[in-house]
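Per-entry structural report
The chain contents come next:
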Amino acid sequence: MGIQYDAKHQVFHLCNDRISYLLAVLRNGQLGQLYFGSRLPAAGEMPKGHDYTYLFEGVKRATSSYVYEGDFTFSLEHVRQEYPAYGTTDYRMPAFEIRQEDGSRITDFVYASHEIMDGKPKLQGLPATYAERADEAQTLAITLRDEKIDAELVLSYTIFRDFDAIARHACFQNNGSAGLDITRAMSLSIDLPDADYEMLQLSGWWARERHLVTRPLAPGIQSVGSLRGHSGHVHNPLLILKRPHTDESQGEAIGFSLVYSGNFLAQAEVDTMDVTRVSMGIHPHAFDWCLARGEHFQTPEAVMVYAAGGLNAMSQTFHALYRTRLARGTWRDKVRPILINNWEATYFDFDEDKLLKIARTAHDVGVELFVLDDGWFGARCSDTSGLGDWQPNTDRLPNGIKGLSEKIHALGMKFGLWVELEMANKDSDLYRAHPDWILHVDGRRESHGRNQYVLDFSRKEVVDCIHDSIAKVLRASSVDYIKWDMNRSITECGSKGFPAKRQGEIFHRYILGVYDLYERLRTEFPHILFESCASGGGRFDPGMLYYAPQAWTSDDTDAVERLSIQYGTSYAYPIVSMGSHVSAVPNHQVFRETSLKMRGDVAYFGTFGYELDLGTLSAEELAEVRGQIAFMKEHRELIQHGTFYRLKSPFAGNVTAWMVVSADKKKALVGCYKVLNSTCSPFQRLRLQGLDARADYAVKIDGRTDFGDYTGAELMRAGLVTSDFSAGEAPREAGKHCTDYWSRLYVLKAKG
Ligand code: DGJ
């Protein structure tokens, strides 16, 4: 792994053992993009005198504009660039734009110097991937300068030794005497030499988050984004390009992922010469950052993953990178406690006795963590009041959070608490004392969502106050886990804390405030396991994973719905980051009745827990729950830290399948799910992946019933025979017919 600089041709080559990323200084001093893909020979491995600059094709195209008089070979419209500007012969969407005091938006940032360093410097106040040791990564920082406005632009690139990923961000510095307005500042821009791709995105809405959507790239712009103030349920800050023939197990795929939780834009622009420009960063709409003399602006980080071996390989790189070098802290490498959450069991209707009863039953069957959800504070008896007042409600909890947490601990369980720190109800003491602390614009209506308003986290005094009130609760009691919720999008995004010309900064400053509060709390309470949440999966993004190593995947806990949601989420996010619970039937979101077995079999592939009152179950069901918990405890190391493979897509048919394999390939777990039953259905085989071809595996259905011994080679090449899925002729299992909402787990253990 390393970064080489060919000074003669001014070419930078970032490579590890598997991938290369090449960029170069162009004739006009700006940066050009040469290559991103499987590894190319580095200096010393190439024929003498060979270099890669021929990859720039300088050819004349009628009606273009050219940079140099008398020269028809250099138009920025036809040069593949690294961080392009608009207005100087390139007519595509730029990576950045700076409005100057004279009204011009023309800039000319040219190469000034560069630095190559071991490791990876931290980003200030922003989430980012990291290197633990200097030899794990190398970073290239290229400084470009625009003399006229006396500004610098530093583009930073990190290549990792163990992950086929490049992390990038940009930083603008104003050294001049005039003010600059940054109106667009993408985290990445890359021009790929052709357009023979399909674009994959994760899209949806509340309770159907991150469904996979695939479309062929077409000339023009195709984009996803958010203008909601958070990454949102609608689109995820992820864009994947794959070749048309690429599938889960073979072919090229490039994943672009933004480590950010606010407004974002991710787009692919295909020009008429079939060049694909991908850009990703803070959404430029409603963004306008004043850069006064001496100030700098740093974009969030974007991560680009290249895989030659299919979409599973791409996802596995994201999983490994985000699990071990984005997530941090005590919980990063630990299996996660099995929890019970009282939300769907009680909603707002609870008192201490009721909670303790739920906790006791849960503890009896092996649950490890009790989580008290919404409603424990202030006058919070419904969603109309109390939000913002982080003092325990002693009518419901006579001994406060301290007393309840002690009782839960006395049972032998950990104790967790729900918070929604970024919001206030107007019916709260906080709002009554500080009505100007919500985001709003004077003289305009204040729109609500779920009867609540968004606190102005761009202001430090607001963040400080919320910090102090929640830290007081945490210091006084013994809290092991926090579910950090966020239940509405931002409207009327104005702040009393900033002058008129800085109102375009508020969306981003808000997120910086959220990150600041997270950082302060996780630093003071390093033992706490944070789970992020935003009405389910409305802020499931890499930015959040830096602070909270797990996220509530969706409020939709129906097993069938969760197949699509978890499958889609797995394109970028590790299994251990997905909050997944078994809930009651009929399901509270779609009113479907699925078997307890299927609900468990789906929820295993995540953090695992329960979202119901176990006391309402029959003795038989409770015994089944006890078995599920024992199963998860036995297999969670494999599930949460193993290598995950998607096998059959819920977006393609009635059967879904996925599997995890341990690092040493000695254990694997395959999950198969059939939504609707049919008679005499076609034969089914599942070709497994990632096994040791030469190992003998003992296969057990649900970890109990012998299903035979097979070599890894057979299981991967001939496939696991799963035909007895179909009903009618299927054998009876545990006295029951195979029917709708049916699932089966295969546990594989290498023999010897
Ligand atoms: C939305 C979350 O997604 C739910 O799990 C629950 O915590 C509620 N908020 C509580 O208000």
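Reading the values: the criteria
- Residues numbered from 1 in each chain as written.
- Predicted model: local features only at pLDDT ≥ 70, side-chain atom pairs only at ≥ 80, totals over all residues.
- Heavy atoms only, no water.
- Domains from an automatic or database assignment.
- Near = heavy atom within 4 Å.
- Polar contact = N/O pair within 3.5 Å; in protein donor to acceptor, adjacent residues only side chain to side chain.
- Areas by Shrake-Rupley, 256 points an atom, 1.4 Å probe, with all protein chains shown as cover.
- Nonpolar A, V, L, I, M, F, W, Y, C, P; charged D, E, K, R; others polar.
- Buried < 20%, exposed > 50% of the residue type's maximum accessible area, 1.4 Å probe, protein only.
- Helix = DSSP H or I, 4+ residues; strand = E, 2+ residues; numbered from the N terminus.
- Pairing = 2+ DSSP bridges.
- Axes fitted to C-alpha atoms, helices over the stretch in contact; angles between N-to-C directions.
- Contact = heavy atoms within 4.5 Å.
- Salt bridge = Lys/Arg side-chain N within 4 Å of Asp/Glu carboxyl O.
- Phe/Tyr/Trp six-rings, centres within 6.5 Å; stacked < 30°, edge-to-face > 60°.
- Lys NZ or Arg CZ within 6 Å of the ring centre and 35° of its normal.
- Parallel < 35°, antiparallel > 145°, perpendicular 65-115°, else oblique.
- Left-handed = near helix turned anticlockwise from the far one by under 90°.

1. A few points about the domain arrangement of the protein chain
- Once the domains are mapped, the protein chain shows domain 1 (2-325) and domain 2 (648-750).
- Taken over C-alpha atoms, the centre of domain 1 sits 41 Å from the centre of domain 2.

2. Comments concerning the site of the ligand
- Taken together, 13 residues form the shell around the ligand, and within it Asp-373, Asp-374, Lys-483, Asp-485 and Asp-555 come nearest.
- Within the side chain of Asp-374, one N or O atom sits 2.6 Å away from an oxygen atom of the ligand.
- A total of 290 Å² of accessible area belongs to the ligand in isolation, and the protein chains cover 97% of it.
- Residue composition of the shell around the ligand, grouped by class: four nonpolar, three polar and six charged.

3. Structural notes on the pairing of strand 14 (residues 238-242)
- Here strand 14 lies mainly inside the structure; five of its five residues are buried.
- Burial of strand 14 is two-sided: the residues Leu-238, Ile-240 and Lys-242 facing one way and the residues Leu-239 and Leu-241 facing the other way are all buried.
- As defined by bridge partners, strand 11 (residues 198-203) adjoins strand 14 across three bridges and the pair is classed as antiparallel. Within the sheet, the bridge partner assigned to Met-199 lies in strand 14 and is Leu-241.
- Pairing analysis gives five bridges linking strand 14 to strand 15 (residues 253-259), with the strands arranged antiparallel. Residue pairing for strand 15: Leu-239 is matched across the bridge by Phe-256.

4. A few points about the sheet that holds strand 33 (residues 655-661)
- Spatially, six strands are ordered 32-33-34-39-36-37 in an open sheet, and the strand pairing comes out antiparallel. One side of each edge strand has no neighbouring strand; the edge strands of this open sheet are strand 32 (643-648) and strand 37 (705-711). With direction set aside, neighbouring strand axes in the sheet form an average angle of 20°.
- Where strand 32 and strand 33 come together, five bridges link them in antiparallel fashion. Its bridge partner lying in strand 33, Tyr-645 is registered against Met-659.
- With respect to the sheet, helix 10 (residues 596-603) is in contact with strand 33, strand 34 (667-674) and strand 39 (742-750), its orientation differing from that of strand 39 by roughly 50°.

5. A closer look at the pattern of salt bridges
- Throughout the structure, instances matching the rule amount to 57 salt bridges.
- Its salt-bridge partner being Arg-92, residue Asp-191 comes within 3.8 Å of it at the nearest N-O pair. Separated by 99 residues along the polypeptide, Asp-191 in strand 10 (residues 180-192) and Arg-92 in the loop between strand 4 (31-38) and strand 5 (96-99) bring together distant segments of the chain. Per residue, the accessibility class of Asp-191 equals that of Arg-92, and both read buried.
- Of the charged contacts in the structure, one is a salt bridge between Glu-136 and Arg-325, with a shortest N-O distance of 2.9 Å. With a gap of 189 residues between them, Glu-136 in the loop between strand 6 (110-118) and strand 7 (137-146) and Arg-325 in helix 1 (residues 311-325) connect regions that are remote in the sequence.
- Each of Glu-132, Arg-133, Glu-136, Arg-325, Arg-332 and Asp-333 takes part in one network of salt bridges that share partners.

6. What to know about the packing of aromatic side chains
- According to the stated counting rule, one finds 42 aromatic pairs in the structure shown.
- For the ring pair Phe-287 and Trp-289, a centre distance of 6.5 Å and an interplane angle of 25° mean the geometry is stacked. The pair formed by Phe-287 and Trp-289 is uniform in burial state, with each residue classed as buried.
- Consider the rings of Tyr-604 and Phe-631, whose centres lie 4.8 Å apart with planes at 35°: the pair is tilted. Of this pair, Tyr-604 sits in the loop between helix 10 and strand 31 (609-611) while Phe-631 is found in helix 11 (residues 619-641), placing the two residues 27 residues apart along the sequence.
- Since its relative accessible area comes to 4%, Tyr-604 is described here as buried.
- Through a chain of ring-to-ring contacts, three or more aromatic side chains come together here, namely Tyr-567, Tyr-571, Phe-605, Phe-644, Phe-651, Trp-658 and Tyr-673.
- The ring of Tyr-197 is capped by Arg-243, whose NZ or CZ atom sits 4.1 Å from the centre of that ring.
- A cation over a ring is seen here: Arg-646 above Tyr-571, with NZ or CZ 3.6 Å from the ring centre.

7. Concerning the pairing of strand 16 (residues 264-270)
- Of all seven residues that make up strand 16, seven are buried, and the element is covered over most of its length.
- Residues Phe-264, Ala-266, Ala-268 and Val-270 line one face of strand 16 and the alternating positions Leu-265, Gln-267 and Glu-269 line the opposite face, and both faces are buried.
- Taking the residues that link successive antiparallel strands as the turn, the strand 16-strand 17 (residues 276-282) hairpin has five residues, and the phi of Asp-274 there is positive, at about 65°.

8. Digging into the packing of helix 3 (residues 352-365) against helix 4 (residues 400-411)
- Put simply, helix 3 and helix 4 touch, their axes get as near as 10 Å, and they point 20° apart. In terms of orientation, helix 3 and helix 4 fall into the roughly parallel class. At the point where helix 3 passes helix 4, the crossing takes the right-handed sense. Across the interface between the two elements, Glu-352, Leu-355, Leu-356, Ala-359, Arg-360 and His-363 from helix 3 touch Leu-404, Lys-407, Ile-408 and Leu-411 from helix 4.
- For the contact of helix 3 with helix 4, the per-class residue count stands at six nonpolar, one polar and three charged.

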